[in-house]
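# Fold and geometry: a report
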Amino acid sequence: LATRDFIDGLPKAELHLHLEGTLEPELKLALAQKNGVDIGQSTIEEVQASYNFNSLASFLAVYYPAMNVLQTEDDFYQLALTYLKKAHQENVRYAELFFDPQAHMTRGVAFEAVVNGFYRACVDARAFNVDAHLIMCFLRDLSAESARQLLEIAKPYQAKILGIGLDSDEHHNPPLKFLREYGDAVAQGYRITMHADIDQVDSIQHIQQALEIIRVERLDHGTNIVENPDLVDWVEQLKIGLTFCPLSNRLVADDMKDREVLELIDHNVKVSINSDDPAYFGGYINDNYEANTTKNDLTIDQVVQLAKNSFETAWISDFQKQTYL
Ligand code: HPA
Ligand code: ZN
C-alpha cells in the first residue's frame, strides 16, 4: 500500500484544477473586506457553513457568487500564487490550470485583469520550480456566441493561454453546442479539453460527442466512460487522458468513482488524479491521491502509474516528459 509519505514525495502534474476553486475562506474574507464586497458571511465558520452541496448545480450556486470578491489584477495574482505555493509544497512540478473569464467579465471585471494576474503568478512560480500554464474555459451554460466573443477578446493574449476547456452546468449543454468554437480554437493553435461531469443526464452521449466529433485531447472527469467498452478502447488507443477528481466526485456526485478508476487503470487508460476545486471539496492533490489510495488499497506501482499518467497526458513535449518520468 502506498503511504501518505510516499504520495507527498512523488512528483506530480495537476491537470484539473480551477483557479477560482482555490479561493480559501481566509482569502475570500480578506478580499471581501479589502474590496468592500458583501458576501453575506463574516467569519470562516459562516463561510464553511455555506458549503453544503450535493450536486454540481448546488456547488455552482455557491461557487460563482463567491467570485465577487475578486476585483483587481492583483487579486487574481494573489489567488493563483497562493495556490502555486501550495502546489509546490505538495510536489506538483507541472500544472495546467482552468480559469473562467466569463464569470468575471459578466460582473464588470476586464478580461486583461484576469489573464494578466493569473499569468504573472504562473511566471513567478518558475522561481520555485513549478511550470504552470492556463486553460481558458467557456462557460457551457452561456451561449456559443458568448464563447466566440471570448475567443476574439483573448486573441491578443493568446501567448499566455495554452488551451481551451469547457465547464459549468452540463445539463442541456452538450459538447456539440460549441462545435464551431472548438474548431476555431484548434485552428488558432489551442490545445483542447472539456468537462464530462460525473453522473450527468446523457453522460455517455456527451463523452461520445467530445471524443468522436470535437476530438478533444483530454476529458475532464469522464470516468462514466466505463459504461461503454468501445469508448474505453478509443481513449486507451489514442492515449487520451482522463482527469479524475475523487474528492470532488465524492461531494458533488456522492460517489468517489473508485471502482471505475480501478477498471480504467486495468485497461491501461491514462487516468490521472487531480483536485478540481480544492478550497470547496476538502483537499488538495495529495489528499485526493490519499483518499483514492485508501479506498482502493492501491499499490505503490498503481500510484506511480497514476502520477506517470499525469505527465504523459500533459501538454508538453516528449523531451520535457522525459525530465519528469
Ligand atoms: N464541473 C463543472 N464546472 C465546474 C467544475 C466542475 O468540476 N469546477 C468548477 N466549475
Ligand atoms: Zn472541474
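Residues numbered from 1 in each chain as written. Chains lettered and ligands numbered in written order. Predicted model: local features only at pLDDT ≥ 70, side-chain atom pairs only at ≥ 80, totals over all residues. Heavy atoms only, no water.

## Examining the coordination of the zinc ion (ligand 2)
As a reminder, the rule being used: With water excluded from the atoms, a metal site may look incomplete; its donors are any N, O or S atoms within 2.8 Å, or within 3.2 Å for Na, K and Ca. Only DSSP runs of H or I with at least four residues qualify as helices, and only runs of E with at least two residues qualify as strands; both kinds are numbered from the N terminus onward. Accessible area is worked out with a 1.4 Å probe on protein chains only. A residue is then buried under 20% of its type maximum, exposed over 50%, and partly exposed in between.
Distances from the zinc ion (ligand 2) to its protein donors, His 16 (NE2), His 18 (NE2), His 195 (NE2) and Asp 276 (OD), fall at 2.1 to 2.2 Å. Written as a sequence motif, the donor residues of the zinc ion (ligand 2) are H-x1-H-x176-H-x80-D. Remark: Asp 276 occurs in the loop between strand 8 (271–273) and helix 14 (278–281) and His 18 occurs in the loop between strand 1 (12–14) and helix 2 (25–35); sequence separation between them is 258 residues. Judged by relative accessible area, His 18 falls into the buried class, the value being 4%. Residue classification places Asp 276 among the buried positions, given a relative accessible area of 3%.

## Considerations on a nonpolar patch on the surface
We apply this condition: What goes into a patch is any residue over 30% in relative accessible area without a salt bridge, connected to like charges within 9 Å or, for nonpolar side chains (Val, Leu, Ile, Met, Phe, Trp, Tyr), within 5 Å. The method behind every accessible area is Shrake-Rupley, applied with a 1.4 Å probe, and residues are considered shielded solely by the protein chains displayed. For salt bridges, the criterion is a side-chain nitrogen of Lys or Arg within 4 Å of an Asp or Glu carboxyl oxygen.
A cluster of nonpolar side chains, namely Leu 176, Leu 179 and Ile 213, defines an oily patch on the protein surface of about 240 Å² accessible area. Considering the arrangement of structural elements, one finds Leu 179 in helix 9 (residues 179–187).

## Focus: helix 10 (residues 203–214)
Under the convention used in this document: Residue count minus one, scaled by 1.5 Å, sets the expected span of a helix. Two residues qualify as a contact provided that any one of their heavy atoms is within 4.5 Å of a heavy atom in the partner residue.
Counted at 1.5 Å a residue, the expected span for helix 10 with its twelve residues is 16 Å, and the 15 Å between its end C-alpha atoms agrees. Looking only at helix 10, the buried set comprises Ser 203, Ile 204, His 206, Ile 207, Gln 209, Ala 210, Leu 211 and Ile 214. Looking at the packing, one finds that the buried side of helix 10 touches helix 9, strand 5 (191–196), strand 6 (218–221) and helix 11 (229–237). After helix 10 finishes, the residue Arg 215 shows a positive phi value of roughly 60°.

## Some points on unusual backbone geometry
Phi at His 172 takes a positive value of approximately 70°, unusual for a residue other than glycine. Within the secondary structure layout, His 172 lies in the loop between strand 4 (163–167) and helix 9. A positive phi is found at Asp 297, a non-glycine position, where the angle reads about 50°. Here Asp 297 lies in the loop between helix 15 (285–296) and helix 16 (300–312). In this structure Asp 297 comes out as exposed when scored by relative accessible area, which is 55%.

## Structural notes on the packing of aromatic side chains
To keep it simple, the criterion reads: Two aromatic rings, drawn from Phe, Tyr or Trp (for Trp, its six-membered ring), form a pair once their centres lie within 6.5 Å of each other, and the interplanar angle then sorts them: stacked below 30 degrees, edge-to-face above 60, tilted otherwise. A positively charged side chain is recorded as over a ring if its NZ (Lys) or CZ (Arg) lies within 6 Å of the ring centre. The angle to the ring normal must also be within 35 degrees.
A full pass over the atoms with the stated rule returns 17 aromatic pairs. Three or more aromatic residues link up through ring pairs in this structure, and these residues are Tyr 51, Phe 53, Phe 59, Tyr 63, Tyr 64, Tyr 280 and Phe 281. The lysine or arginine in question, Lys 12, covers the ring of Tyr 289, its NZ or CZ lying 5.8 Å from the ring centre. One cation-aromatic arrangement involves Lys 86 over Tyr 284; the distance from NZ or CZ to the ring centre is 5.0 Å.

## Observations concerning the sheet that holds strand 6
For the record, the criterion: Two strands form a pair only when DSSP identifies at least two bridges running between them. As a rule, the C-alpha atoms of each element are fitted with a line to give its axis, helices using only the stretch in contact, and angles between N-to-C directions run from 0 to 180 degrees.
Ordered by their spatial adjacency, eight strands build an open sheet running 1-2-3-4-5-6-7-8, and the pairing between neighbours is parallel. Of all strands in the sheet, those bounded by a partner on one side alone are strand 1 and strand 8. Each neighbouring strand pair of the sheet contributes to a mean axis angle of 25°, computed without reference to strand direction. Pairing between strand 7 (residues 241–244) and strand 8: three bridges, direction parallel. Among the inter-strand pairings, Phe 244 is bridged to a residue of strand 8, identified as Ile 273. Relative to strand 2 (residues 92–99), helix 5 (residues 73–89) is tilted by about 150°, and along the sheet it contacts strand 1, strand 2 and strand 3 (131–139). Together, strand 3, strand 4 and strand 5 form the strand contacts of helix 9, whose direction differs from that of strand 5 by roughly 150°.

## Section: the pairing of strand 6
For a regular strand, the rule is simple: side chains alternate between the two faces of the sheet. Operational definition: Looking down the strands as they point away from the viewer, one classifies a crossover as right-handed if the path from the first strand across the helix to the second runs clockwise.
In terms of strand pairing, strand 5 meets strand 6 through four bridges, oriented parallel. The residue of strand 6 that forms the bridge with His 195 is Asp 220. Traced from strand 5 through helix 10 to strand 6, the parallel crossover comes out right-handed. Pairing of strand 6 with strand 7 involves three bridges; the strand directions are parallel. Considered in strand 7, the bridge of Asp 220 is made with Thr 243. Since strand 6 and strand 7 lie parallel, the crossover through helix 11 that links them has a hand, and here it is right-handed.

## Quick notes on empty space enclosed by the protein
How we decide: Points on a 1 Å grid, built from protein atoms alone, make a cavity when a 1.4 Å probe fits but cannot get out and make a pocket when they are open with protein on both sides within 12 Å along at least 5 of 7 lines; residues with an atom within 4 Å of a point are the lining residues. Grid points are joined across faces, edges and corners, and a volume is the space filled by probe spheres set on the points. Only Asp, Glu, Lys and Arg are considered charged, only Ala, Val, Leu, Ile, Met, Phe, Trp, Tyr, Cys and Pro nonpolar, and every remaining residue, Gly among them, polar.
Under the criterion given, the structure shown has one cavity of 30 Å³ or more. Volume-wise, the largest cavity comes out at about 180 Å³. Lining the largest cavity are 21 residues, and of these Leu 56, Phe 59, Asp 197, His 221 and Asp 276 sit closest to its centre. Elements represented by at least two residues in the lining of the largest cavity include exactly helix 4 (56–66) and helix 12 (246–252). Considering each element in turn, the lining of the largest cavity owes the most residues, five residues, to helix 4. Taken together, the residues of the lining of the largest cavity sort by class into nine nonpolar, seven polar and five charged.

Any functional reading would require information that these geometric values do not contain.
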